[in-house]
There are 2 protein chains.
Amino acid sequence: MPRDENKNLEIRDARKEQILSAAAKVFARRGMVAAKISDIAKEAQLSHGLVYHYFESKEQIFVTLVKKASDKSIEVVNEANQYNGTPIQKLTWMTETILRSIATGEGIYLYLIMIQASTSDAVPAEVRDVLMGDNANSPVFATIPIIIEGQNEGEIVKEDPVKLAVTYYAFIQGLAINKIQWKECPLPEAKLIMNVFQTKQEVTK
Amino acid sequence: MPRDENKNLEIRDARKEQILSAAAKVFARRGMVAAKISDIAKEAQLSHGLVYHYFESKEQIFVTLVKKASDKSIEVVNEANQYNGTPIQKLTWMTETILRSIATGEGIYLYLIMIQASTSDAVPAEVRDVLMGDNANSPVFATIPIIIEGQNEGEIVKEDPVKLAVTYYAFIQGLAINKIQWKECPLPEAKLIMNVFQTKQEVTK
DNA sequence: GTCTATACGCTGATAGAC
DNA sequence: GTCTATCAGCGTATAGAC
């Protein structure tokens, strides 16, 4: 295979990433419907015609991003599970990781895209299924075992684990939303959020 | 003034309410841009021409709803302030009230519309200003005095009050989002959320 | 691979009949 | 007050030049 073809493939992948990265920003801030291909093209600094050279449609770009976001969010839970420590320590590590990605990185875009994909009727049902089709594959459900483990060890309050997981992710999503609307908004430390789960500590006077 | 004119006024108001109520649902689920006038008309069971008889534009309908939502959310904070009790009790009452409106009533639509108005670049800047123009008038800032009061009384943890208020509303917004995407999702009790704020209780063995 | 020019459909908004 | 018919503008997606 001649060198040129390899080079072309590299360009192809680079352009695709460039477009996806730009699209993530635009989708996160405007929503799947309001985001225009021309917005994405402008953000990526290329013509809108070229976007269609790399992706079939606006929807396909969105789906690609939703998949990516879903994978990443589950990956974090799995890493947390391998983390060496008590369930509360696992959750703390996970929360710190997520908060950091919201505060600094591209993470926030991915969270906002997942929120849109799952909450808006404007996105086609097939897209929503990517995220919800398999409940077992959602971060909420992946987190439940850690919570149950913590309850068995007496570290975590004896509430419905589903309720606790829902509450936890409500928090995360809510913070992502706040951050996008108010750039300098102070984010809480992971410890503060852990208060929701933890059984009351005994305080020595 | 003849009877007919009064009757007409009644119809006018009723229709307006009918349209606003339908619009709230549609906007909440699809977002301001993706929501079509025809969607709203269908939901309200009247022609799209008639919608324009009562409102100048789609944007005006949206603005009206954002104002309404903003007023209501601040009203709750004010009521909480008048509630007789300690700061934590005030916040607990407020949280219960909000959670109830999310669980059962139209409240959830209003919260989702506020979220969209404040987070999406797709809504015109003027609309966002309705909500954010006067920081002093936002629920977040209205809640801060209660938090400070609680800190002075040693009931609430000594963290940056702004951070605590942001965290609190992140929670509320996150729960509204969860509820819309999963109708049967279990909502936490107010008490659980209060754990975030409260100084650790002493537990007697 | 990359761009510009163009077609087609959809939706917000208006006009005018009833 | 209420509806239907219609226009104008915009945005996705395509075709074809370079």
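Scroll up to find the structure this text is about.
The structure presented is a predicted model; accordingly, all values stated were derived computationally and were not measured. (Residues numbered from 1 in each chain as written. Chains lettered and ligands numbered in written order. Predicted model: local features only at pLDDT ≥ 70, side-chain atom pairs only at ≥ 80, totals over all residues. Heavy atoms only, no water.)

A.B. asks: Could you give an account of the overall build of chain A, with specific residues and numbers?
C.D. replies: Scanning chain A for helices and strands turns up 10 helices and 0 strands. Along chain A, from the amino end to the carboxyl end, the secondary structure elements read α-α-α-α-α-α-α-α-α-α. Here the C-alpha coordinates of chain A stretch approximately 70 × 40 × 30 Å along the principal axes. Per-residue burial for chain A yields a buried fraction of 52% across its 205 residues. Of the contacts formed within chain A by residues at least 6 apart in sequence, a portion of 68% connects residues at least 24 apart. As displayed, chain A has an accessible area near 10000 Å², and 48% of this comes from carbon and sulfur atoms. Here chain A holds 24 positive side-chain charges and 26 negative ones, and the gap between their average locations is 6 Å. (Helix = DSSP H or I, 4+ residues; strand = E, 2+ residues; numbered from the N terminus. Buried < 20%, exposed > 50% of the residue type's maximum accessible area, 1.4 Å probe, protein only. Contact = heavy atoms within 4.5 Å. Areas by Shrake-Rupley, 256 points an atom, 1.4 Å probe, with all protein chains shown as cover. Lys, Arg positive; Asp, Glu negative; His and termini not counted. Charge placed at Lys NZ, Arg CZ, Asp CG, Glu CD.)

A.B. asks: Run through the relation of the copies chain A and chain B, naming residues and quoting values.
C.D. replies: Take chain A, turn it by 180°, move it 0.0 Å along the axis, and it overlays chain B with an RMSD of 0.1 Å. What the superposition gives is, in effect, a two-fold axis relating one chain to the other. The position closest to the rotation axis in chain A is occupied by the C-alpha of glycine 174 of chain A, lying 2.1 Å away. Mapped onto chain B, 100% of the interface residues of chain A again fall at the interface, so both copies present the same surface. (Least-squares fit on C-alpha atoms with pLDDT ≥ 70 in both.)

A.B. asks: I'd love a proper account of the protein's contact with DNA strand D, names of residues and values included.
C.D. replies: Neighbouring residues of DNA strand D: 16 residues in total, closest Tyr52 of chain A together with Arg12, Arg15, Ser47 and Tyr54 of chain B. Considering the 4 Å shell around the protein, atoms of DNA strand D inside it are sugar or phosphate in 69% of instances. A distance of 3.3 Å is found between a phosphate oxygen of DNA strand D and a backbone nitrogen or oxygen belonging to alanine 35 of chain A. The separation between a phosphate oxygen of DNA strand D and a polar side-chain atom of lysine 36 of chain A is 3.1 Å. Of all the elements in the fold, those that place two or more residues in the surface near DNA strand D are α3 (48-54) of chain A together with α1 (3-34) and α3 (48-54) of chain B. For the surface near DNA strand D, the leading source of residues is α3 of chain B, giving 5 residues. Of the residues in the surface near DNA strand D, the class split is 6 nonpolar, 6 polar and 4 charged. (Near = heavy atom within 4 Å. Polar contact = N/O pair within 3.5 Å; in protein donor to acceptor, adjacent residues only side chain to side chain. Nonpolar A, V, L, I, M, F, W, Y, C, P; charged D, E, K, R; others polar.)

A.B. asks: Describe the packing of helix α5 (residues 87-103) of chain B against helix α9 (residues 161-181) of chain B, with residues and values.
C.D. replies: All names here are of chain B. Their axes nearest at 10 Å, the elements α5 and α9 cross at an angle of 20°. Here α9 runs roughly parallel to α5, going by the angle between their axes. The two elements α5 and α9 cross, and the hand of that crossing is right-handed. For the pair formed by α5 and α9, the contact residues are Leu91, Met94, Thr95, Ile98, Leu99, Ile102 and Ala103 on the first element and Tyr168, Tyr169, Ile172, Leu175, Ala176 and Lys179 on the second. (Axes fitted to C-alpha atoms, helices over the stretch in contact; angles between N-to-C directions. Parallel < 35°, antiparallel > 145°, perpendicular 65-115°, else oblique. Left-handed = near helix turned anticlockwise from the far one by under 90°.)

A.B. asks: Break down the environment of glutamate 59 of chain A for me, citing the residues and quoting the values.
C.D. replies: Residues and elements named next belong to chain A. Along the polypeptide, glutamate 59 turns up in helix α4 (residues 58-82). Here the alpha-carbon distance between glutamate 59 and proline 124, two residues 65 residues apart in the chain, equals 8.5 Å. Ignoring any residue separated from it by four or fewer positions in sequence, one finds glutamate 59 in contact with Met32, Pro124, Glu126 and Val127.

A.B. asks: Break down the nonpolar core for me, with residues and values.
C.D. replies: With 142 residues, the main nonpolar core has Phe27 of chain A together with Phe27 of chain B as its most contacted residues. Once you skip the residues sitting within four places of it in the chain, phenylalanine 27 of chain B turns out to touch Met32, Ala35, Ile40, Lys58, Ile61, Phe62, Leu65, Ile113 and Gln116 of chain B. (Core = buried A, V, L, I, M, F, W, Y, C linked by side-chain atoms within 4.5 Å.)

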